[in-house]
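Reading the structure
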Amino acid sequence: MSTTLKKEHKSARPERGGQATMVEAIRQGIWEEMERDPTVFVIGEDVGAYGGAFKVTDGLIDQFGKERVIDTPISEGAIVGAACGAALMGMRPVAEFQFIDFISAGFDLLTNYAAKCRYRWGAGLPTVFRGPCGSGVRSGPFHSLNAEAFFLNTAGLKIVEPSTAYDAKGLIKAAIRDPDPVLYFEHKKLYRLPRLREELPPDDYIVEIGKARVARTGRDLSIITFGAMVLTALDAAEELEREGLDVEVIDLRTLAPLDKTAILASVKKTSKAIVLHEASRTGGIGGEIAALLAEEAFEWLDAPVVRIASIDTPVPYSPPLEDYYLPQTKDVVDGARKLAAY
Amino acid sequence: MDQINTKYGPRKAPEGQPLTCTTETTLKPEQLLELYRYLKLTRLVEERLVNLYRQTKVVGGVFRSLGQEATAVGSAYALQPEDFITPLIRDLGAVLVKGIRPREIFAQYMAKAWGPSGGRDLNIHFGDMQKGFIGPISHLGDMIPVMTGILLGARFQKKNFVGIAYIGDGGMSTGAFHEGLNFAAVQRLPLIVVAEHNHYAYSTPTSLQTAVKDLAEKAAGYGIPAHIVDGNDVIACYEVTKLAADYARRGNGAVLIEAKTYRRKGHAEHDDQRYVGAGEIEWWEQNNDPVDRFEKYLLESGVTQPQLDTITADVVREIDEDCAWAESSPMPEPEQAAYNVFDNSIVSPSFRPKVLES
């Protein structure tokens, strides 16, 4: 067997800042944190020489060596458990799930060990569990998951999901520095989307966990969303603007703990709310946000809260099926029109 | 090293003679007495817990290691202070050897504020990183990958310690056990898995748990060596763990030790053991009790009964003191339930529990 690799591949150190897609922004963030803090390391399946299924960790092994970029067996339980153990020793692991669908195989250790350790005996676990989520890329039932609702009801896990390159870098850096477990979801459709390419500042910045962002300011109606659906909401808002409807878009960025202040401030201003997400509707995060609005913004609401989400099925593979499954811009436009007319 | 080393495995007693312990030992006389102290401490702490349970002072269940104390005590005693353990519920002996005091255990069982988890979790479900003790969770097998991570972290930090993860004939059936041990083996981490073959997982006999005859056979699937040890011979447990620890410490990777023992009590105090064959428990009690065997060994090697009685009296005094301390602890303040999910200094104010809001 040949000992030389088929392709001699060396990735240069990514720029600090500059023009970046979302995948480059995440890589920059991990890279900078590994340079800044020797306790940060990467662990996951095919994250080393191959650079990860989506090349998020590309080049890290050349720079930091295989001691800090660890290829594991196909063993999500081992990845999560080992990350927890290393964190107890004072390390800061960044663990990758090859697809977020496979987080189910690490569910037990995430929800029972990682989430409860600080509460049970004061041992906070500074761990990041990240991976590609999301549908709309024709990947079928096992490579398209949005997993946030599985974890919202588990105390002790923070959940973030960026929708811009800037936030992707700032949030991964914040997650790595966080003293508690953070689930970091990356929508795979956004990784290389030219539309999201933007100029990142050269300085060392973070985006604070727990803070939403106003992606578009408006006064008639609020769309509360996150991840790839932020783009859907912005597209819908643009179309609605031509009809004279002024739509505000809230990009949650952090799903746990939710930024109640930002959600309530927007809805108290517009008095009408659409909650939009990609995961199935029943038991989704939209229900939690709708309940929050019912409890704490009831007097400000001029109409029922509208939830727009995927249908309650697995994510289908064939394009016509998946397009039917997923909320489309048209669905949001239609929903907003009806809500505006209420 | 042979694939399965049985040098310290169970042996039949000579005809008409009761079982004792292996005489092949490097332990010094004062160490042997210390081992005796830990064996008695383990048994008597558990007996005190049963008393507290019957007085309804224990909030949850009480889990005994009666009849299998030698495995936990002997194996943990073979470690260096900097080494780590992650025990199961039946390894109280190992926890005590690692320096956790009985008062912490009593306070935990009674759900008191002064317990190490402040009443948030039960029994030995806590940890003390300074003492190399990481408590288990109820999900069996999970601590194997966690200990693998501890050892991975240690390797980053150029610390050369070993870790014991305890498991049982039941816990070895879990996916987490497999995933953790496989990863440790691949990474050649100094993990020692002590598999306590005590015949029952709750009520399920080992024959319904696995098709292998000896749990040690499973080591072959991970490319690691295994030992079979008489789990009721505290000296053998010490010696075999020392061998395994030396092997792991030298950078050879993971090792599996199967300790053959027997669980004389039920899963917990409430368990009536209706699933156990008639006479089985009594046979082990009369013929293969780890404390009896070690006492006989000590007396034959020149230790006197008054010496053993003095140790026992000292253990009882410590238990009395620590139990009184734990009983004097208040219960936790109710609102403490709301703290410490996250490091509160950075929890977004809007999401703080109500009691934390000004």
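Residues numbered from 1 in each chain as written. Chains lettered and ligands numbered in written order. Predicted model: local features only at pLDDT ≥ 70, side-chain atom pairs only at ≥ 80, totals over all residues.

Some remarks on the overall build of chain B
Along its length, chain B carries 10 helices and 10 strands. The C-alpha radius of gyration of chain B comes to 21 Å, within 12% of the 21 Å expected for a compact globule of 358 residues. Considered along the principal axes of its C-alpha atoms, chain B spans approximately 75 × 45 × 40 Å. Per-residue burial over chain B gives 51% buried out of 358 residues. By sequence separation, contacts in chain B at least 24 residues apart represent 77% of the contacts at least 6 residues apart. (Helix = DSSP H or I, 4+ residues; strand = E, 2+ residues; numbered from the N terminus. Rg over C-alpha atoms; globule rule 2.2 N^0.38 Å. Buried ≥ 20, exposed ≤ 12 C-beta atoms within 10 Å, placed from the backbone. Contact = placed C-beta atoms within 7 Å.)

So, the overall build of chain A
Across its full length, chain A carries 12 helices and 14 strands. Relative to the 2.2 N^0.38 estimate, which gives 20 Å for 342 residues, the radius of gyration of chain A is 20 Å and therefore close to what a compact globule would have. Principal axes of the C-alpha set define a box for chain A whose edges measure 70 × 45 × 40 Å. Across the 342 residues of chain A, 57% fall into the buried class. Summarising the internal contacts of chain A: among those between residues at least 6 apart in sequence, 79% fall at separations of at least 24.

Some remarks on the interface of chain A and chain B
Across the contact, 38 residues belong to chain A and 39 residues belong to chain B. With 9 residues, the top contributor of residues to the side of chain A that touches chain B is helix 3 (residues 76–88) of chain A. Residue composition of the side of chain A that touches chain B, grouped by class: 19 nonpolar, 12 polar and 7 charged. (Nonpolar A, V, L, I, M, F, W, Y, C, P; charged D, E, K, R; others polar.)

Quick notes on the packing of helix 1 (residues 29–54) of chain B against helix 9 (residues 290–300) of chain B
All names here are of chain B. As a packed pair, helix 1 and helix 9 sit with axes 11 Å apart at the nearest point and diverge in direction by 155 degrees. One finds that helix 1 runs roughly antiparallel with respect to helix 9. For the pair helix 1 and helix 9, the sense of crossing is left-handed. The residues of helix 9 that touch helix 1, namely those facing L32, Y36, L39, K40 and R43, are P290, V291, F294 and L298. Residues that form the contact of helix 1 with helix 9 fall into these classes: 7 nonpolar, no polar and 2 charged. (Axes fitted to C-alpha atoms, helices over the stretch in contact; angles between N-to-C directions. Parallel < 35°, antiparallel > 145°, perpendicular 65-115°, else oblique. Left-handed = near helix turned anticlockwise from the far one by under 90°.)

Topic: the sheet that holds strand 9 (residues 213–216) of chain A
Note: strands within a sheet are paired through backbone hydrogen bonds, in either parallel or antiparallel orientation. All names here are of chain A. Strand order in the open sheet made by the 5 strands is 9-11-10-13-14, with mixed pairing throughout. The open sheet terminates on both sides in strands that have one partner only, identified here as strand 9 and strand 14 (306–310). Strand-to-strand twist in this sheet, taken as the mean axis angle between neighbours without regard to direction, amounts to 25 degrees. Alignment of strand 13 (residues 273–280) against strand 14, held across 4 bridges, turns out to be parallel. Looking at the pairing, S280 lines up with S310 of strand 14. Sheet strands in contact with helix 10 (residues 285–296) are strand 10 (221–225), strand 13 and strand 14, and its direction is about 160 degrees off that of strand 13. (Pairing = 2+ DSSP bridges.)

Observations regarding the sheet that holds strand 3 (residues 69–71) of chain A
Residues and elements named next belong to chain A. The 7 strands are arranged 3-2-4-5-7-6-12 in an open sheet whose pairing can be described as mixed. The open sheet has two edge strands, strand 3 and strand 12 (254–256), and neither has a second partner. Put simply, the sheet's adjacent strands are angled 20 degrees from each other on average, direction ignored. Strand direction decides the pairing type here: strand 5 (residues 128–133) and strand 7 (residues 182–187), joined by 6 bridges, are parallel. For C133, the partnering residue across the bridge sits in strand 7 and is H187. Lying over the sheet, helix 7 (residues 165–177) contacts strand 2 (40–44), strand 4 (92–96), strand 5, strand 6 (158–160) and strand 7, oriented at roughly 160 degrees with respect to strand 7.

Digging into the domain arrangement of chain A
Residues and elements named next belong to chain A. According to the domain assignment, chain A consists of domain 1 (18–200) and domain 2 (213–341). Put simply, the middle of domain 1 and the middle of domain 2, counted by C-alpha atoms, are 26 Å apart. Taken together, the contact pairs 23 residues of domain 1 with 23 residues of domain 2. At the level of secondary structure, the elements contributing two or more residues to the side of domain 1 that touches domain 2 comprise helix 6 (148–152), strand 6 and helix 7. Partitioning the side of domain 1 that touches domain 2 into residue classes produces 9 nonpolar, 8 polar and 6 charged. (Domains from an automatic or database assignment.)

A look at the confidence of the model for chain B
In this model, chain B carries a mean pLDDT of 95, and residues with pLDDT of at least 70 account for 95%. For this predicted complex, the interface score ipTM comes out at 0.94, alongside a pTM of 0.95. (pLDDT = per-residue confidence, 0-100.)

What to know about helix 7 (residues 234–252) of chain B
Its 19 residues give helix 7 of chain B an end-to-end C-alpha distance of 25 Å, which sits within 8% of 27 Å, the value for a rise of 1.5 Å per residue. Looking one or two places after helix 7 of chain B, you find G253(B), whose phi comes out positive at around 105 degrees. (Expected span 1.5 Å × (residues − 1).)

Structural notes on the nonpolar core
Ranked by internal contacts, the top residues of the largest apolar core, which has 209 residues, are C84(A), I274(A), V73(B), I192(B), V193(B) and I257(B). The greatest single-element share of this core, amounting to 11 residues, is contributed by helix 7 of chain B. Split by domain, this core shows at least three residues from each of two domains, domain 1 (18–200) and domain 2 (213–341) of chain A. Leave out the neighbours within four places in its chain, and I274(A) touches L221(A), I223(A), V306(A), I308(A), V332(A), G335(A), A336(A) and L339(A). (Core = buried A, V, L, I, M, F, W, Y, C linked by C-beta atoms within 7 Å.)

Quick notes on the pairing of strand 7 of chain A
Residues and elements named next belong to chain A. For strand 7, the buried fraction is high: 6 of the 6 residues fall into the buried class. Across the two faces of strand 7 the burial is the same, with V182, Y184 and E186 and L183, F185 and H187 all buried. Both strand 6 and strand 7 contribute to a ladder of 3 bridges, which runs parallel. Across the sheet, the residue bridging to K158 is V182, located in strand 7.

A short note on the packing of helix 3 of chain A against helix 4 (residues 107–114) of chain A
The relative placement of two packed helices comes down to the angle between their axes together with the axis-to-axis distance. Residues and elements named next belong to chain A. Running from N to C, helix 3 and helix 4 cross one another at 25 degrees; their axes reach a closest spacing of 8 Å. In terms of their interaxial angle, helix 3 and helix 4 are classed as roughly parallel. Between helix 3 and helix 4, the contacting residues are G77, V80, G81 and C84 on the first element and D108, L109, L110, Y113 and A114 on the second. Taken together, the residues of the contact of helix 3 with helix 4 sort by class into 6 nonpolar, 2 polar and 1 charged.

Considerations on the environment of G59(A)
Residue and element names in this part refer to chain A. Structurally, G59 is set in the loop between strand 2 and helix 2 (60–64). Accessibility expressed as a C-beta count within 10 Å gives 18 for G59, which makes it partly exposed. Between the alpha carbons of G59 and G48 there is a distance of 8.0 Å; along the sequence they are 11 residues apart.

Thoughts on the pairing of strand 6 (residues 191–197) of chain B
Residues and elements named next belong to chain B. By the criterion of burial, strand 6 is predominantly enclosed, with 7 of the 7 residues buried. Taking every second residue as pointing to the same face, both faces of strand 6 are buried, with L191, V193, A195 and H197 on one and I192, V194 and E196 on the other. Across 6 bridges, the pairing between strand 5 (residues 163–168) and strand 6 is parallel. The residue bridging I164 from the neighbouring strand is I192, located in strand 6.

Thoughts on unusual backbone geometry
Put simply, A256(A) and P257(A) share a cis peptide bond, and its omega is -5 degrees. Tracing the chain through its elements places P257(A) in the loop between strand 12 and helix 9 (260–270). The backbone of A111(B) shows a phi angle near 60 degrees, a positive value even though the residue is not glycine. Residue position: A111(B) is located in the loop between helix 4 (102–109) and strand 3 (127–128). The class for A111(B) is buried, based on 20 C-beta atoms found within 10 Å. Of note, the phi angle at N123(B) is positive, near 30 degrees, even though the residue is not glycine. Looking at the secondary structure, you find N123(B) in the loop between helix 4 and strand 3. Judged by the 21 C-beta atoms lying within 10 Å of it, N123(B) is buried.

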